[in-house]
Amino acid sequence: MSEPLVIAIPSKGRLQADTKALFAAAGLEIAQAGPERSYRGTVNGRRDVEIAFLSAPEIAREIGAGAVHAGVTGRDQVEEKIADWETQTDYVAPLGFGRCDVVVAAPEAWIDVETMEDLDDVAASFRPRHGRRLTVATKYINITRRFFADHGIADYRIVESLGATEGAPASGAADLIVDITSTGTTLKANGLKILSDGVILRSEATLVRSETADWTATQRRELAAIVARLEKAAA
């Protein structure tokens, strides 16, 4: 038998539950092989498809490395974890759940900062006024660097966030943040506002194809058939 088509899906949580539910609605019921914590699975009745259970960041990295043929993860993870994501991946099918935005959020008290241009002005004057560079707390280091560069902002420092990013300005760990939000409620609760042009990207769970994996014609046909079924189920 030829090598199976390998699809990575989230290993736990709401994203895994929603992914399994959508696949089941498409007639592609996923089952874990062996113990509940097994990292491999199958699609019932399909020996030509193998499921890999990974975290969302791992899925993006494995897609970029060509270690899996496709995976369910967010655009935020793809564009953060894969340097050449535009050539190494293809967003095949948005799946309609796991929606969030990656945003630039500043303290509400910064009444003169509403846009990225305003933030550029603040960054340029921050060091002379405070004796240090403007600091940005985020888990999205690569996305932040690209977006700030696109807006000509260079005089700042990234503080890598390992916990609740939205609390960084209040605790004094950073001046502003780049983070994900679904409703903006948590940002408001922490005294933060999204800049008017500070939505970096809109993300949702997406079936992403690896352009660096080894593909056979059969595997490509199998994925195309699965995509058609998922799109019909998600409609």
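Note that the structure is a prediction, hence the values are computed from the model and not measured.

K.L.:
Looking at this structure, how should I read the nonpolar core?
P.N.:
The nonpolar side chains of a soluble globular protein tend to be buried, and buried together. Among the nonpolar cores identified, the biggest contains 25 residues, and Ile7, Ile51 and Leu207 are the most heavily contacted of them. The element contributing the most residues to this core is helix α9 (residues 217–234), with four residues. Ile7 has contacts with Val49, Glu50, Ile51, Ala52, Ala70, Gly71, Leu207 and Ile226, leaving out every residue within four places of it along the chain. Val122, Phe126, Ile153 and Leu195 belong to the second largest nonpolar core, which has 24 residues in total.

K.L.:
What is the right way to read the packing of aromatic side chains from this model?
P.N.:
The way to describe two aromatic rings as a pair is by their centre distance and the angle between their planes. In this structure the tally under the stated criterion is two aromatic pairs. Where Phe148 meets Tyr156, the ring centres are 4.8 Å apart and the plane angle is 50 degrees; that geometry is what we call tilted. The burial state of Phe148 is the same as that of Tyr156; both residues are buried.

K.L.:
Help me understand the packing of helix α1 (residues 13–25) against α9, please; the structure alone is not making it clear to me.
P.N.:
In a pair of packed helices, the angle between the axes and the distance between the axes together describe the arrangement. Running from N to C, α1 and α9 point in directions that differ by 100 degrees, and their axes come no closer than 8 Å. Between α1 and α9, the angle is such that the two are roughly perpendicular. Residue-level inspection shows Leu22, Phe23 and Ala25 of α1 in contact with α9, the latter providing Leu230, Ala233 and Ala234. Each residue belonging to the contact of α1 with α9 can be placed in one class, and the counts come to six nonpolar, no polar and no charged.

K.L.:
Looking at this model, I keep getting lost on the pattern of salt bridges. Mind explaining?
P.N.:
Charged atoms that come close allow side chains of opposite charge to pair. A full pass over the atoms with the stated rule returns eleven salt bridges. The partner of Arg75 in a salt bridge is Glu79, with the nearest N and O atoms 2.5 Å apart. You can see Arg75 and its partner Glu79 sitting in helix α3 (residues 75–81), four residues apart, about one turn around the helix. For Glu204, the salt bridge goes to Arg99, with nearest N and O atoms at 4.0 Å.

K.L.:
For this particular structure, what's the right way to read the environment of Ala224?
P.N.:
If you trace the backbone, Ala224 turns up in helix α9. Classification of Ala224 by relative accessible area gives partly exposed; the value is 46%. For the pair formed by Ala224 and Val92, sequence separation is 132 residues and the distance between their alpha carbons is 9.2 Å.

K.L.:
So what exactly am I meant to see when it comes to the pairing of strand β8 (residues 134–138) here?
P.N.:
Look at any regular strand and the pattern is simple: side chains alternate between the two faces of the sheet. The buried fraction of β8 amounts to five of the five residues, a majority that puts the element mostly inside the structure. Alternating residues of β8 divide into Leu134, Val136 and Thr138 and Thr135 and Ala137, and every residue in both groups is buried. Two strands pair when backbone bridges link them, and β8 and strand β9 (residues 156–160) are joined in this way by five bridges, in the parallel orientation. Its bridge partner being in β9, Ala137 is matched across the sheet by Val159. After leaving β8, the chain enters helix α6 (residues 141–150) and then returns to the sheet as β9, a path that is right-handed. Judged from the three bridges that link them, β8 and strand β10 (residues 176–181) form a sheet pairing that is parallel. Across the sheet, residue Ala137 finds its bridge partner in β10, namely Ile177.

K.L.:
Could you clarify how one ought to interpret the sheet that holds β9 in this entry?
P.N.:
Within a sheet, each strand pairs with its neighbour through backbone hydrogen bonds, oriented either parallel or antiparallel. Read across the sheet, five strands follow the order β9-β8-β10-β7-β11 without closing on themselves; strand pairing throughout is mixed. At either margin of the open sheet sits one strand with a lone partner, and together these are β9 and β11 (192–203). Going across the sheet, the axis of each strand differs from the next one's by a mean of 25 degrees, ignoring polarity. Both strand β7 (residues 100–107) and β10 contribute to a ladder of five bridges, which runs antiparallel. Bridge pairing in β10 places Val102 opposite Ile180. Packing against the sheet, helix α5 (residues 116–130) makes contact with β7, β8, β10 and β11, and its axis sits at approximately 125 degrees to β8. Running at roughly 165 degrees to β9, α6 makes contact with β7, β8, β9, β10 and β11 of the sheet.

K.L.:
Explain the sheet that holds strand β2 (residues 30–32) here, please?
P.N.:
An order of β2-β3-β4-β1-β5-β12-β6 is seen for the seven strands of this open sheet, with the pairing classed as mixed. Bordering the open sheet on either side are β2 and β6 (89–94), each of which pairs with just one other strand. For this sheet, the mean inter-axis angle between neighbouring strands, taken without regard to orientation, is 35 degrees. Alignment of strand β3 (residues 40–43) against strand β4 (residues 46–54), held across four bridges, turns out to be antiparallel. Within β4, the residue paired with Val43 across the bridge is Arg46. Across the sheet, α1 lies against β1 (5–10), β2, β4, β5 (70–74) and β12 (205–210), angled at about 135 degrees from β1, the strand it touches most.

Calculation notes
Residues numbered from 1 in each chain as written. Predicted model: local features only at pLDDT ≥ 70, side-chain atom pairs only at ≥ 80, totals over all residues. Heavy atoms only, no water. Core = buried A, V, L, I, M, F, W, Y, C linked by side-chain atoms within 4.5 Å. Buried < 20%, exposed > 50% of the residue type's maximum accessible area, 1.4 Å probe, protein only. Helix = DSSP H or I, 4+ residues; strand = E, 2+ residues; numbered from the N terminus. Contact = heavy atoms within 4.5 Å. Phe/Tyr/Trp six-rings, centres within 6.5 Å; stacked < 30°, edge-to-face > 60°. Axes fitted to C-alpha atoms, helices over the stretch in contact; angles between N-to-C directions. Parallel < 35°, antiparallel > 145°, perpendicular 65-115°, else oblique. Nonpolar A, V, L, I, M, F, W, Y, C, P; charged D, E, K, R; others polar. Salt bridge = Lys/Arg side-chain N within 4 Å of Asp/Glu carboxyl O. Pairing = 2+ DSSP bridges. Right-handed = clockwise from strand over helix to strand, strands pointing away.

Functional significance is not addressed by these values, which are geometric in nature.
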